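A structural walkthrough
Chain by chain, the residues:
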Amino acid sequence: MRQIVVKLGGPDAEASRAARQAAKSAVAAKARDEFLASFRDVASDLAHQGFTRAETIFRLAVLYPAMDVVVADDALKASGIVFDQNNDVDIFSNVALEAGVWFLLGSELRLKPDYAWAVVNLPQELLDELGAHLIEASVTPEELATILGIIGAAQRAALDDGTLTITGARYNELRGELLDAMGLTSAKGAKPWPPTRQTIQKRYDGWNDALESMGLATAAKGRQKGLLTFTEDDYAQAIVDFIADSVVSGTEQTFANYEKWVKEQAAAGTRRPSPASIRNFYGAWLPALRQGARVHATPRDVGMRPEALPR
C-alpha cells in the first residue's frame, strides 16, 4: 500500500512522520510563546523571590485554573528564567550568604569599595569561595575586587550606623537587577550568587533573623550604635565558651570551626553571634579570641593554662 502511495506521488512514511513531528513542534512552540507572553514577568518575579519552577507553576495554576500546567512546565523550562532548586541551602556558606546581603546593601547605599578594610577583615573563606560562585558571570579579577571592597565598605558602615538595614523585598529587586546585569538570567539550573532571599531565610529561619545575626537593624527596630543584636557580654561569652569547647574536643580555634560551633549551638537551642558579627564587633578573628579570653575568662574558667590562651 505504501509503495502504491509513493508511486502515485504521495509522501513516504518517513516524510509523513517528519511532517507530523514538525506540525506538533510548531503547535508546542506556539503554546510556549503564548504562555510566556502572558506569564513571563510574573514567573520571573517569583523566581527572584526564590520560588522553584514547580512552586511557580502551582501558584499560577491556583490563580489561573484554566492554565495548562504541562505547557507551563515546558515553557518555563525553555524560558531561561533561573528558578530556585530547593536544594541549594548548603551550596553557599554562611559567609557567602551574608556577603550577598552586604554587597547589595552597599550597592543600595552607593558605597565606594573599601579595599583596605576588606583586605584586613574579610575572612579567607569568602575570598576563596566567592570567585567560584561568580564563574558563570565571567567576573574579572578587578570586578571581584570591587565586589569584595563594597562588602567591606558595607560592614564598616554598619559598625557606625545602627539603623542600616535592607528589606527582603528590596534585596530581591536588587538581586534581580544584578543577575540581569551579569547576564545570568539564561543560566539554566544555575545557583547564582547572591543567593535568593528564600535561601537566606531557610538558613536563618527568617529574614529578620538573618539581619540580626549579621548585626543589621530589622524593619521593626534599629540597634544601638556600635552594638549588634547581642550584648558585649554575649560576644565575649561566646568566645569563652567556644574556646572551652574547643579545648575539650581538641579542635582548632579557627574562624571556620567557630562557624560550625555556632550551628551546633543553634541546633541545641542556644543562639550565638554569627562569625560575621564576631568579626565585625572585634575587627578581626584573632582580636576576638584574645579579648574574649582575657577579659571574660580566667584559665580556670575555660580549662586552659595561661600559656594556652590566644596571644
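Preceding this paragraph is the structure being described.
First, a word on scope: everything that follows refers to the structure included in this document. All chains use their own residue numbering, which begins from 1 and follows the written sequence. In keeping with the model being predicted, local features are shown solely for residues with a pLDDT of at least 70 and side-chain atom pairs are shown and tallied solely at 80 or more, while totals for entire chains, interfaces and linings include all residues. The side-chain quantities take in all heavy atoms of the structure and omit both hydrogens and water.

Further remarks concern the overall build of the chain. Comment: elements are numbered from the N terminus, with helices defined as DSSP H or I runs of at least four residues and strands as E runs of at least two. Helix and strand content of the chain: 16 helices and zero strands. Relative accessibility under 20% of the residue-type maximum defines a buried residue, over 50% an exposed one, and the middle range a partly exposed one, all with a 1.4 Å probe and only protein chains included. A total of 311 residues make up the chain; the buried ones form 44% of that total. Per-residue and other accessible areas follow the Shrake-Rupley method at a 1.4 Å probe size, with only the shown protein chains counted as cover for residues. In the structure as shown, the chain presents an accessible area of about 16300 Å², 53% of it carried by carbon and sulfur atoms.

Attention now goes to the packing of aromatic side chains. For Phe, Tyr and Trp, where Trp contributes only its six-membered ring, two rings pair if their centres lie within 6.5 Å, and the inter-plane angle classes them as stacked under 30 degrees, edge-to-face over 60, or tilted in between. Summed over all chains, the structure comprises seven aromatic pairs. Consider the rings of phenylalanine 103 and tryptophan 193, whose centres lie 5.9 Å apart with planes at 40°: the pair is tilted. Taken together, the residues span a long stretch of sequence, with phenylalanine 103 in helix H5 (residues 94-108) and tryptophan 193 in the loop between helix H9 (168-181) and helix H10 (197-204) at a distance of 90 residues. Judged by its relative accessible area of 8%, phenylalanine 103 falls in the buried class. What makes tryptophan 193 buried here is its relative accessible area of 1%. Between tyrosine 171 and tryptophan 207 the ring centres are 5.2 Å apart and the planes differ by 55°, which places this aromatic pair in the tilted class.

Glancing now at empty space enclosed by the protein. Using only the protein atoms, space was sampled on a 1 Å grid; points where a 1.4 Å probe fits but cannot get out form cavities, open sets with protein on both sides within 12 Å along at least five of seven lines form pockets, and lining residues are those with an atom within 4 Å of a point. Grid points are joined across faces, edges and corners, and a volume is the space filled by probe spheres set on the points. Summed over all chains, the structure comprises two cavities of 30 Å³ or more. If you trace the second largest cavity, you find it lined by Val95, Glu98, Ala99, Trp102, Pro123, Leu126, Ile151, Gln155, Ala276 and Arg279. For the lining of the second largest cavity, the elements supplying multiple residues, two or more each, are H5, helix H8 (141-160) and helix H14 (275-282). Ranked by residues supplied to the lining of the second largest cavity, first place goes to H5 with four residues. Note on residue classes: Ala, Val, Leu, Ile, Met, Phe, Trp, Tyr, Cys and Pro are nonpolar, Asp, Glu, Lys and Arg are charged, and everything else, Gly too, is polar. Split by residue class, the lining of the second largest cavity holds seven nonpolar, one polar and two charged.

Let us look at the packing of H5 against helix H11 (residues 207-214). All axes are obtained by fitting lines to C-alpha atoms, using only the stretch in contact for helices, and the reported angles, taken between N-to-C directions, cover 0 to 180 degrees. Viewed as axis vectors pointing N to C, H5 and H11 meet at an angle of 90°, and their least axial separation amounts to 11 Å. The angle between H5 and H11 places the two elements in the roughly perpendicular class. Each of Glu98, Val101 and Trp102 in H5 lies in contact with H11, whose residues at this interface are Trp207, Leu211, Ser213 and Met214. Each residue belonging to the contact of H5 with H11 can be placed in one class, and the counts come to five nonpolar, one polar and one charged. Here the angle decides the label: under 35 degrees means roughly parallel, over 145 means roughly antiparallel, 65 to 115 means roughly perpendicular, and every other value means oblique. For this analysis, residues touch if any pair of their heavy atoms sits within 4.5 Å.

On to the environment of methionine 182. As for its placement among the helices and strands, methionine 182 is situated in the loop between H9 and H10. A sequence separation of ten residues divides methionine 182 from proline 192, and the C-alpha atoms of the two residues are 9.9 Å apart. Apart from the residues lying within four places of it in its own chain, the contact partners of methionine 182 are Leu134, Ala137 and Trp193.

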